[in-house]
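Residues per chain, in single letters:
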Amino acid sequence: MKRLLLPLLAFLTLGASASVAQTMPVPQGTLENWVTRNGAEAPQGWQTTDDLIAGVFGLPITSGTVAKSTDKHGGTFAAKLETKTAPLIGTVPGLLILGNSLNLSSDFPGGAPFTSRPANMQFYYKLAGASAVADSASISVFLTKTTAGVTQEVAYGDMYFRQLASSYTLATVPLTYSSAVAPDSIRILISTGDANTITVGTSLLIDDVVMTGTATPARDAKHTDNLLAVYPNPSTGGKFALDARQQPALLNAAYTVTDITGRTVLQQAATTGASTRTIDLSNQPAGIYTLRVAAAEGSLVRRLIVR
């Protein structure tokens, strides 16, 4: 299974800055409207854990991992995500994916129309449970552009919830842009757990999701794209090659690879005289990883996908 679905399925089987203080609504970001689907209420415009279970297994299971809550920040309702034990499945996290449909054959399932280039995503949340890291609750946002049936990532941001919050707390997730093009879709994934850490009872309340600011690339995105390429990406075997023909010194730079929880899985010091360089994640499970290369002009970030 592909990018956004990998953390849940494990249970089941370049910088930007805000130059203008403005707010852009996220489709159904207020979580006010709910519909009945797969035997349970679900926020309109979002897919839930139950939708994913039904799509993957064809099982009409009501897990109770996503629920409408009157404990809200604004308006009338918020979404409550909670890790629970589901019949026939076992322990599963609460999951929300923005979009009215899930294309399980796509690297970017879900999604809703969105054409702006914001600097950040903001939202309000509460987090309760045994500890903030017990479930590795997280939120990720992708801006994408589809041309001739091929979807490319324009920007990405994520956050792991590291502190419990008994009252609604404002969170800001900066976006990192890897392309200068305007997006046509936004995809948001919210989860109360990942493949490594999950605890029954951890709950996350989410409300009033918006995008803020206007992204001003710190460096020209086309230039940074040409500086460093990684291939093949996705990789079915977990091995990637670095290509830095325009700036060969990058092949000698120190780099770090982290997994979706932020844990460092591979780290290499700077070297000298390298004409080729390989990143070997063949001993890591399928999933999304982040490569950070210490370039002279600042850290270059690339998203790596292991299938």
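Residues numbered from 1 in each chain as written. Predicted model: local features only at pLDDT ≥ 70, side-chain atom pairs only at ≥ 80, totals over all residues. Heavy atoms only, no water.

Quick word on the overall build of the protein chain
Note the following rule: By definition, any uninterrupted DSSP run of H or I lasting at least four residues is a helix, any uninterrupted run of E lasting at least two residues is a strand, and each is numbered from the N terminus. Only protein chains enter the accessibility calculation, which uses a 1.4 Å probe. A residue is then buried if its area is under 20% of the maximum for its type, exposed if over 50%, and partly exposed in between. Only the protein chains shown count as cover for residues, and all accessible areas are computed by the Shrake-Rupley method using a 1.4 Å probe.
When its secondary structure is counted, the protein chain shows 3 helices and 24 strands. Expressed as a percentage of its 307 residues, the buried residues of the protein chain come to 51%. For the protein chain, the computed accessible surface area is about 12800 Å², with 51% contributed by carbon and sulfur atoms.

Concerning unusual backbone geometry
Residue Tyr 231 is joined to Pro 232 through a cis peptide bond whose omega torsion reads -15 degrees. Looking at where Pro 232 falls in the secondary structure, it is placed in the loop between β18 (229-231) and β19 (239-243). Positive phi values are uncommon outside glycine, yet Leu 31 reaches one of about 60 degrees. Along the chain, the position of Leu 31 falls in the loop between β1 (23-25) and β2 (34-37). Look at Leu 31 and you get buried, because its relative accessible area is 2%. With a phi angle near 55 degrees, Asp 208 is a residue other than glycine that sits in the positive phi range.

Comments concerning the packing of aromatic side chains
Using the following cut-off: Note on ring pairs: Phe, Tyr and Trp rings are taken, using the six-membered ring of Trp, and paired if centres are within 6.5 Å. Classes follow the plane angle, with under 30 degrees stacked, over 60 edge-to-face and the rest tilted. Two limits define a charge over a ring: the Lys NZ or Arg CZ must be within 6 Å of the ring centre, and within 35 degrees of the ring normal.
Following the criterion strictly, the structure yields 4 aromatic pairs and no others. Consider the rings of Phe 123 and Phe 161, whose centres lie 6.0 Å apart with planes at 65 degrees: the pair is edge-to-face. With a gap of 38 residues between them, Phe 123 in strand β11 (residues 120-128) and Phe 161 in the loop between β13 (150-160) and β14 (165-174) connect regions that are remote in the sequence. Residues Phe 123 and Phe 161 agree in their burial class; the two are buried. Following the ring pairs from residue to residue traces out a cluster consisting of Phe 123, Tyr 125 and Phe 161. Here the guanidinium or amino end of Lys 68 rests over the ring plane of Phe 77, the centre of that ring lying 4.4 Å away.

Things to note about the pattern of salt bridges
The test is simple: Criterion for a salt bridge: a side-chain nitrogen of Lys or Arg within 4 Å of a carboxyl oxygen of Asp or Glu.
Within this structure, the stated rule accounts for 3 salt bridges. Here Arg 37 ties to Asp 51 by a salt bridge, and the two come within 2.7 Å at their closest N and O atoms. On the criterion of sequence distance, the pair formed by Arg 37 in strand β2 and Asp 51 in helix α2 (residues 49-57) is long-range, its members being 14 residues apart. On the basis of relative accessible area, Arg 37 is assigned to the partly exposed category, the value being 25%.

A short note on the environment of Leu 59
Put simply, the rule is: The contact criterion used throughout is that any non-hydrogen atoms of two residues lie within 4.5 Å.
Structurally, Leu 59 can be placed in the loop between α2 and β5 (66-69). For Leu 59 and Asn 38, which are 21 residues apart along the polypeptide, the C-alpha to C-alpha distance reads 9.3 Å. Setting aside its immediate chain neighbours within four residues, Leu 59 contacts Ile 53, Ala 54 and Ile 89.

Digging into the side chain of Asp 51
Our working definition: Identification of polar contacts relies on pairs of N or O atoms within 3.5 Å, with a donor-acceptor requirement for protein atoms, meaning one able to donate a hydrogen and the other able to accept it, and with residues adjacent in sequence counted only if both atoms are side-chain atoms.
You can call Asp 51 buried: its relative accessible area is 9%. There is a polar contact of 2.7 Å between the side chain of Asp 51 and the side chain of Arg 37.

Re the confidence of the model for the protein chain
Note that predicted coordinates carrying low pLDDT should not be read in detail. We count it as follows: The quantity called pLDDT is the predictor's confidence in a given residue, expressed from 0 to 100.
For the protein chain, the mean per-residue pLDDT works out to 81, and 82% of the residues sit at or above 70. Mean pLDDT across the secondary structure elements of the protein chain bottoms out at helix α1 (residues 6-12), with 46, and peaks at strand β6 (residues 78-82), with 97. When the criterion is pLDDT under 50, residues 1-21 qualifies, and its contacts beyond four places in sequence or with other chains add up to 73 contacts. Taken together, the stretch residues 218-223 has pLDDT below 50 and engages in 10 contacts with residues farther than four places along the chain or on a different chain.

Things to note about the pairing of β2
Which entries qualify depends on this criterion: Between any two strands, pairing holds if DSSP finds at least two bridges.
Alignment of β2 against strand β3 (residues 40-43), held across 4 bridges, turns out to be antiparallel. Across the sheet, the residue bridging to Arg 37 is Ala 40, located in β3. The loop that links β2 with its antiparallel partner β3 comprises 2 residues; one of these, Asn 38, has a positive phi angle of about 55 degrees.

Describing α2
Among the residues of α2, Thr 49, Asp 50, Asp 51, Leu 52 and Ile 53 are the ones counted as buried. The first or second residue beyond α2 is Gly 58, which carries a positive phi of 70 degrees.

Examining the nonpolar core
Defined as follows: Note on terminology: a nonpolar core comprises buried Ala, Val, Leu, Ile, Met, Phe, Trp, Tyr and Cys residues joined through side-chain atoms within 4.5 Å.
One finds Met 121, Phe 123, Tyr 125, Phe 161, Ile 186 and Ile 188 to be the most contacted residues of the largest nonpolar core, which totals 38 residues. Broken down by secondary-structure element, the contributors of at least two residues to this core are β6, β9 (95-98), β11, β12 (138-147), β13, β14, β16 (185-191) and β17 (203-212). If sequence neighbours within four positions are ignored, Phe 123 has contacts with Ile 139, Met 159, Phe 161, Thr 169, Leu 170, Ala 171, Val 173, Ile 206, Asp 207, Asp 208 and Val 209. Val 230, Leu 250, Leu 281 and Tyr 289 belong to the second largest nonpolar core, which has 21 residues in total.

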